[in-house]
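# A closer look at the structure
One-letter residues, chain by chain:
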Amino acid sequence: MAGYTVAIVGRPNVGKSTLFNRLLEQRKAIVDDQSGVTRDRQYGIADWNGKTFNVIDTGGFVSNSDDVFEKEIRKQAKVAMEEANLIIFMCDVTTGITDLDEDVADVLRRTSKPVYLVVNKVDNNQRQLEATEFYSLGFEHVFFLSSMTGSGTGELLDAVASHITPEMGEASMETNLPKIAIIGQPNVGKSSLLNALVGDERNIVSDIAGTTRDTIHTHYNMFQKDFMLIDTAGIRRKTKVQEDLEFYSVIRAIKAIDEADVVMLLLDAEKGITAQDLSIYSLAARKGKGIVVLVNKWDLIEKSTNTARDYEKELKNRLAPFSDVPIIFTSVTEKQRIFKAIETALEVYENRLRRIQTSTLNEVMLKAIESYHPPVVRGIPIRIKYVTQLPTHTPAFAFFCNLPDDVKTPYRNYLENQLRSHFDFRGVPLKLFFRKK
């Protein structure tokens, strides 16, 4: 199911990151009083009343110099209008309406998508009164809140969640085909990979980062297998050559992850894995997608005997804790191992559908538990009696035991490793739940 994406826009220092953290209930961004401090990757998954949606804080994508600031913020409002499903436009009651707020409002009034005007730092009666001037910006939905204390965020989340229906964005294409998304930083070779696979110049490939028009779904038949390829190189229209691409490419990558069953993360062999790649990787893992890592431009690397082995080991360290993923060294230009990449992605797709009989599961796992018992808690041994696979889209297992809350990460990891060593779940994140027997 494709996800619902909410973008938070507004000028610096109005409290976008604080709200973002509230929505995600975690201190993901670095919050500081200095303008443009949000340097962390700004996207995550919010969960409210059983509905999940992607949240993007555009503040993380603004370059630091003042002259660029205002242009960037207007530009981001435009990108958010095109790419997000709903926009939270944030202002600050303590400064009143500024020229830049007016400008952004002007841009946002042109969209047919829902825009929620959020007036922040409203934490006493006086400010409640002052906040009423923001009605003059002409938005239908206005929320007064304090993202520091969290007052008012519940109403905002209720309003956002009301737009999300269970069948939101159900893919209309032949959904029974495996969907594989190609994601990665601008310029790692995503479009070239697609062209090498499709075998015709379906997208124009050039060295300017982000020249592809849009997310392109290519239906594909190869090795007698049918599947869809989702190309996320989709960045921008030709006219906006000066565009700051980062925000665009991130939003597109998140959309593609939502649509895909398996994600092929393309890395540049010379640059290695970047913080941005790791964020996208862990997002895909949290969404339960199958993952294959392709190290591209491998032909440009100086090689000795163990180059690939050492590179892979280092890469797996960076990907931990979830590092049971196929890593393939490719060269798109030389067409090295690109078909192997697809075969592997289809294997990962099968792994993600794998169902294990309860009898087999218990036979294997209870033996593993017997040979390495869970630790004793407050003098009481933890006893796991029974294991079953849950009927979910991605592999999830329930372990029934007497003290479900006391099973700690090291033992959980042991159980996951046992599952992986007995059944092939390579490339697939597993979820383990502990329930009271």
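Look above for the structure.
Residues numbered from 1 in each chain as written. Predicted model: local features only at pLDDT ≥ 70, side-chain atom pairs only at ≥ 80, totals over all residues. Heavy atoms only, no water.

## Some points on the sheet that holds strand S16 (residues 396–401)
Taking strand neighbours across the sheet as the criterion, the three strands line up as S15-S16-S17 in an open arrangement whose pairing is mixed. Of all strands in the sheet, those bounded by a partner on one side alone are strand S15 (384–389) and strand S17 (431–436). Each strand of the sheet is rotated relative to its neighbour by a mean of 25 degrees, with strand direction disregarded. Bridging between S15 and S16 involves five bridges; their strand directions are antiparallel. Among the inter-strand pairings, Val 387 is bridged to a residue of S16, identified as Phe 399. The sheet contacts of helix H12 (residues 409–422) involve S15, S16 and S17, and relative to S17 the element is tilted by about 120 degrees. (Pairing = 2+ DSSP bridges. Helix = DSSP H or I, 4+ residues; strand = E, 2+ residues; numbered from the N terminus. Axes fitted to C-alpha atoms, helices over the stretch in contact; angles between N-to-C directions. Contact = heavy atoms within 4.5 Å.)

## Looking at helix H1 (residues 16–24)
In terms of residue burial, H1 counts as a mostly covered element, since eight of its nine residues are buried. Buried residues of H1: Lys 16, Ser 17, Thr 18, Leu 19, Phe 20, Asn 21, Leu 23 and Leu 24, and no others. Packed against the buried residues of H1 are strand S1 (5–9), strand S2 (43–48), strand S3 (51–57), strand S4 (86–92) and helix H5 (153–161). A positive backbone phi angle near 55 degrees is found at Glu 25, which sits one or two residues after H1. (Buried < 20%, exposed > 50% of the residue type's maximum accessible area, 1.4 Å probe, protein only.)

## Notes on helix H10 (residues 338–353)
The first and last C-alpha atoms of H10 sit 23 Å apart over 16 residues, in line with the 22 Å expected at 1.5 Å per residue. For H10, the complete set of buried residues consists of Ile 338, Ala 341, Ile 342, Thr 344, Ala 345, Leu 346, Val 348, Tyr 349, Asn 351 and Arg 352. (Expected span 1.5 Å × (residues − 1).)

## So, the nonpolar core
By size, the foremost hydrophobic cluster in this structure holds 35 residues, and its most contacted members are Ile 183, Tyr 281, Ile 291, Val 293, Val 295, Leu 315 and Val 325. Secondary structure elements with two or more residues in this core: S2, strand S7 (179–184), helix H7 (245–259), strand S10 (262–268), helix H8 (275–286), strand S11 (290–296), helix H9 (307–319) and strand S12 (327–329). Residues lining this core come from more than one domain, with at least three contributed by each of domain 1 (5–169) and domain 2 (179–353). Dropping the residues within four chain positions of it, Val 293 is found in contact with Leu 265, Leu 267, Tyr 281, Leu 315, Leu 319, Val 325, Pro 326, Ile 327 and Ile 328. One finds Val 9, Ile 87, Phe 89 and Val 104 within the second-largest nonpolar core, a separate group that totals 25 residues. (Core = buried A, V, L, I, M, F, W, Y, C linked by side-chain atoms within 4.5 Å. Domains from an automatic or database assignment.)

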